[in-house]
Amino acid sequence: MCGIVGYVGKQSAVPIVMKGLAKLEYRGYDSAGMAVWQKGDLKIEKTAGRLDRLEDKLKQNPINGTVGMGQTRWATHGRPSDANAHPHLDSEEKIAVIHNGIIENYMELKEMLQKEGHEFHSQTDTEVIPHLLEKYYEGDIEKALRKVLHIIEGSYALVVMHEDEPEKIVGARKDSPLIAGLGKGENFIASDIPAILEYTREIIVLNHGEMVTITEDDVTVTDLEGRRIEKDVYPVTWNAEAAEKSGYPHFMLKEIHEQPRAIKDTLAGRIEKGKTDIVLDEIEFSADYLKKLKKIYIVACGTAFHAAMVGKYLIEHFTRIPVEVDIASEFRYRDPIVDDPEDYLMIVVSQSGETADTLGSLREMNRKDVRIMAITNVIGSSVAREADDVLLTRAGPEIAVASTKAYTTQLVAFYMTAIKMGQIIGRLDNNETRDLIDALLDLPLLAQKVIDANENKIEKMAKRYSSKDDIFFIGRHLDYALALEGALKLKEISYIHAEAYAAGELKHGTLALIEKGVPVFAIATQPDIYAKMISNVQEVKAREATIIGLGTEGDQEIDKHSDETIHIAKTQKYFTTVLAVIPLQLFSYYAALERDCDVDKPRNLAKSVTVE
Ligand code: M6R
């Protein structure tokens, strides 16, 4: 999510780190900071805002040294502010730490450290690390880090400097990427290749559970017990643009592939295997409050609206509270009924948190004093600031205009919200909750399985259908909500006319459009409505449509009625959307590619629609 760069050598570290960070700004840009060893002191400069703010600060207070590290941040814990920007320091300000990822057990560690007298200055999860290092430091920063890595839980790419060991930067990796770059009389550490490509093309990729120490002349990789590991040095052949996309030809494809990680991060620290607690950041709903609600309004635009539709089905199912879901541009001008504001809850969904219509709707309900919960990907965004409660999706920056990982993490946010509400209101017992939580925790692996099992097949399939003028998507219940998203994805990036219909509605008009050879994606993942869906598939098949069935593993019935089928891994019926969308995203991507479209920047569209 965030970008990290470190340098040890003979040159001035500041310009090298700043240049590297500029190459990584696409990974996060809400705050930035740097630590440089300058004549016996660890100098820190950090600020909320983009890198140019840090640059200005460094102009006012220049730092000079040949060992330094910096970060451009995408906040997950603690809003973007000077205090929350990295690096974070221990009590004596001798140890500086920069961290990408999420420390899941930071709350208990913070409590323990506070009891021992450590003072904290930020709301971040990261700040526990320098304090833990301080606690265990006995003159050897690698040894202290090894101890700390056995204590912290979660994901990380970490880089650490100690004032008393100025010749080195130490790093460690679990889940978040970290690499070392080899130079002559200088070495580098970074979260991503683009940051150091200007200086070296020889890199070492750290694996999970590995630590690295870089000095001017040496790069040493060890395991968590301190045993040396011999690593291969990879020559980088990518150009700078490919490197930004981690070698993928487009951000969209990179972001599709990031989904298992994004889903995992969004679940991290909020649920645990075998447990029944769901910790939704600071959001508290009491049973009395939920029972009194007359209605929940969910409001969003585009892809976020499609996630909201899934949210409606699930919240209604698990709580029996009526939910109305609305497109923000309609909602804001329709004077929604609110007699007593206490009877209503609004949930707004927005990846960017800056969409004008979503914000307008939020403000409309704010004026009516309705409590507002936001599901957003951007921690300091307008939506996040103006809502009462915020549930952050941890997708990381989404660069492609077509939303992929933002959508799947919004779904995951709704899954947790709906189950939590059902639990509070007393409609889900502990056993049911535990089963659902365990199924949620399997989703990252299953998402990876869906990508691995289907990508090649879908690429070929998309090429075959890419010359079609119209493609239909049909489904019922959750699969209807997914059909809408599948159609939107296809039209926005491939410009193929695509329509989604609730399968049971076809016979009321749209069936007239179905003729020989018209491709129809038939999504059939919902067991409760499966037989009805198969009848609808037969209706289109009888008009000689070409059926592309999308069903779950082991479903042979859908094969019988389809010309070709895509199968997704099995999960609980409530969670199929998050897996079934992946083949549809891949289909759109490869169809757009075949049609030579500008995949990441489709015509007439913008990533964030901040005007009406
Ligand atoms: O940033 P938001 O989630 O508020 O954006 C809403 C829509 O503009 C967005 O979901 C759009 O539909 C997608 N980029 C389509 O892929």
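Residues numbered from 1 in each chain as written. Predicted model: local features only at pLDDT ≥ 70, side-chain atom pairs only at ≥ 80, totals over all residues. Heavy atoms only, no water.

Considerations on the overall build of the protein chain
In step 1: Along its length, the protein chain carries 19 helices and 24 strands.
In step 2: For a compact globule of 612 residues, the expected C-alpha radius of gyration is about 25 Å, and the protein chain comes in at 25 Å, within 12% of that figure.
In step 3: In terms of overall dimensions, the protein chain has a C-alpha envelope of 80 × 55 × 45 Å along the principal axes.
In step 4: In the protein chain, which comprises 612 residues, the share counted as buried stands at 62%.
In step 5: Considering only contacts in the protein chain between residues 6 or more positions apart, those separated by 24 or more positions represent 73%. (Helix = DSSP H or I, 4+ residues; strand = E, 2+ residues; numbered from the N terminus. Rg over C-alpha atoms; globule rule 2.2 N^0.38 Å. Buried < 20%, exposed > 50% of the residue type's maximum accessible area, 1.4 Å probe, protein only. Contact = heavy atoms within 4.5 Å.)

Looking at unusual backbone geometry
In step 1: In the segment running from His86 into Pro87, the intervening peptide bond is cis, with an omega of 5°.
In step 2: Inspection of the secondary structure assignment puts Pro87 in the loop between β4 (67-73) and β5 (88-89).
In step 3: The residue Lys39 is not glycine, and still its phi comes out positive at about 45°.
In step 4: Mapped onto the elements, Lys39 comes out in the loop between β2 (31-38) and β3 (41-48).

Regarding the pattern of salt bridges
In step 1: Inspection of the entire model under this criterion finds 40 salt bridges.
In step 2: The partner of Lys292 in a salt bridge is Asp343, with the nearest N and O atoms 3.1 Å apart. Residue Lys292 is located in helix α9 (residues 287-292), and its partner Asp343 is located in the loop between α11 (328-331) and β17 (344-350); the two are separated by 51 residues in the primary sequence.
In step 3: For Lys292, a relative accessible area of 43% corresponds to the partly exposed category.
In step 4: Residue Arg363 pairs with Glu386 through a salt bridge whose shortest N-O separation is 2.6 Å. Here Glu386 lies in helix α13 (residues 382-386) and Arg363 lies in helix α12 (residues 356-367), a separation of 23 residues in the sequence. (Salt bridge = Lys/Arg side-chain N within 4 Å of Asp/Glu carboxyl O.)

Structural notes on the packing of helix α10 (residues 302-319) against helix α14 (residues 405-425)
Angle between the axes and distance between the axes are the two parameters that describe a pair of packed helices.
In step 1: Close contact between α10 and α14 brings their axes to 9 Å; oriented N to C, the two are set at 20°. Considering their axes alone, α10 and α14 lie roughly parallel with respect to each other. When you trace α10 past α14, the crossing you get is right-handed. Along the contact surface, α10 presents Thr303, Ala304, His306, Ala307, Ala308, Val310, Gly311, Leu314, Ile315, Phe318 and Thr319, while α14 presents Tyr407, Gln410, Leu411, Phe414, Tyr415, Ala418, Ile419, Met421, Gly422 and Ile425. (Axes fitted to C-alpha atoms, helices over the stretch in contact; angles between N-to-C directions. Parallel < 35°, antiparallel > 145°, perpendicular 65-115°, else oblique. Left-handed = near helix turned anticlockwise from the far one by under 90°.)

A short note on the site of the ligand
In step 1: Near the ligand, the surroundings consist of 13 residues, among which Ser350, Gln351, Ser352, Thr355 and Glu492 are the closest.
In step 2: Contact between the ligand and Ser403: an oxygen atom at 2.8 Å from a main-chain N or O atom of the residue.
In step 3: Within the side chain of Lys489, a nitrogen or oxygen atom sits 2.9 Å from an oxygen atom of the ligand.
In step 4: Coverage of the ligand by the protein amounts to 91% of the 410 Å² it exposes when considered alone.
In step 5: Those elements that place two or more of their residues in the shell around the ligand are α10 and α16 (478-494).
In step 6: When grouped by side-chain class, the residues that make up the shell around the ligand number 4 nonpolar, 7 polar and 2 charged. (Near = heavy atom within 4 Å. Polar contact = N/O pair within 3.5 Å; in protein donor to acceptor, adjacent residues only side chain to side chain. Areas by Shrake-Rupley, 256 points an atom, 1.4 Å probe, with all protein chains shown as cover. Nonpolar A, V, L, I, M, F, W, Y, C, P; charged D, E, K, R; others polar.)

Brief notes about the sheet that holds strand β22 (residues 519-524)
In step 1: The parallel open sheet is built from 5 strands, whose spatial order is β21-β20-β22-β23-β24. In the strand order of this sheet, the two ends are held by β21 (497-502) and β24 (564-568), each with one partner. Strand-to-strand twist across the sheet, computed as the mean angle between neighbouring axes with direction ignored, equals 20°.
In step 2: Where strand β20 (residues 470-475) meets β22, 3 bridges bridge the pair, whose relative direction is parallel. Residue pairing in the sheet places Ile474 in a bridge with Ala522 of β22.
In step 3: Packing against the sheet, helix α17 (residues 530-542) makes contact with β20, β22 and β23 (546-552), and its axis sits at approximately 170° to β22. (Pairing = 2+ DSSP bridges.)

Quick notes on the packing of helix α15 (residues 430-465) against helix α19 (residues 576-594)
In step 1: Contact pair α15 / α19: the axes reach a minimum separation of 8 Å and the direction vectors enclose 35°. As for the relative orientation of α15 and α19, their crossing is right-handed in sense. Residues Leu443, Leu446, Ala447, Val450, Ile451, Glu455, Ile458, Glu459, Met461, Ala462, Lys463 and Tyr465 of α15 lie in contact with α19, whose contacting residues are Val578, Leu579, Ile582, Pro583, Leu586, Phe587, Tyr590, Ala591 and Glu594.
In step 2: Within the contact of α15 with α19, the residues separate by chemical class into 17 nonpolar, no polar and 4 charged.

A closer look at the sheet that holds strand β15 (residues 295-300)
In step 1: Read from one edge to the other, the open sheet built from 5 strands follows the order β16-β15-β17-β18-β19, with strand pairing classed as parallel. Edge positions in the sheet fall to β16 (323-327) and β19 (389-392), since each of these pairs with one other strand and no more. Between one strand axis and the next, the sheet turns through 20° on average, direction left out of account.
In step 2: In terms of strand pairing, strand β18 (residues 371-376) meets β19 through 4 bridges, oriented parallel. Looking across to β19, one finds that Ile375 is bridged to Leu391.

Structural notes on the packing of aromatic side chains
In step 1: Evaluation of the coordinates by the stated rule reveals 12 aromatic pairs.
In step 2: With a centroid separation of 5.3 Å and 65° between ring planes, the pair formed by Tyr297 and Phe331 is classed as edge-to-face. Of this pair, Tyr297 sits in strand β15 while Phe331 is found in helix α11, placing the two residues 34 residues apart along the sequence.
In step 3: When its relative accessible area of 2% is taken as the criterion, Tyr297 is described as buried. (Phe/Tyr/Trp six-rings, centres within 6.5 Å; stacked < 30°, edge-to-face > 60°.)

Thoughts on the nonpolar core
In step 1: Ile296, Ile298, Tyr415 and Phe473 are the most contacted members of the largest nonpolar core, which totals 126 residues.
In step 2: Of all the elements, α15 adds the most residues to this core, at 13 residues.
In step 3: In this structure, Tyr415 is in contact with Val310, Leu314, Leu440, Leu443, Tyr574, Phe575, Thr577 and Val578, ignoring residues within four places of it in sequence.
In step 4: In terms of nonpolar packing, the next biggest core, distinct from the first, is built from 25 residues, Val97, Ile141, Ala172 and Met211 among them. (Core = buried A, V, L, I, M, F, W, Y, C linked by side-chain atoms within 4.5 Å.)

Re the environment of Cys597
In step 1: Secondary-structure assignment places Cys597 in the segment after α19.
In step 2: Residue classification places Cys597 among the buried positions, given a relative accessible area of 14%.
In step 3: Measuring from C-alpha to C-alpha, the distance between Cys597 and Ile493 comes to 6.9 Å, with 104 residues separating the pair along the chain.
In step 4: Beyond its immediate stretch of four places on either side in the chain, Cys597 contacts Ile493, Ser494, Tyr495 and Ala592.

Digging into the environment of Gln538
In step 1: Considering the arrangement of structural elements, one finds Gln538 in helix α17.
In step 2: Spatially, the C-alpha atoms of Gln538 and Val221 are 60 Å apart, while their sequence positions differ by 317 residues.

Here's the deal with the pairing of β23
In step 1: Summarising burial for β23: 7 of the 7 residues are buried, a large majority.
In step 2: Of the two faces of β23, both are covered, the one formed by Thr546, Ile548, Leu550 and Thr552 as well as the one formed by Ile547, Gly549 and Gly551.
In step 3: By the bridge criterion, 6 bridges tie β22 to β23 in an arrangement that is parallel. Its bridge partner lying in β23, Pro519 is registered against Thr546.
In step 4: You can see the chain leave β22, run along α17 and come back into β23, and the turn it takes is right-handed.
In step 5: Across 5 bridges, β23 lies against β24 in parallel orientation. Looking at β24, one finds that Ile548 is bridged to Glu564. (Right-handed = clockwise from strand over helix to strand, strands pointing away.)

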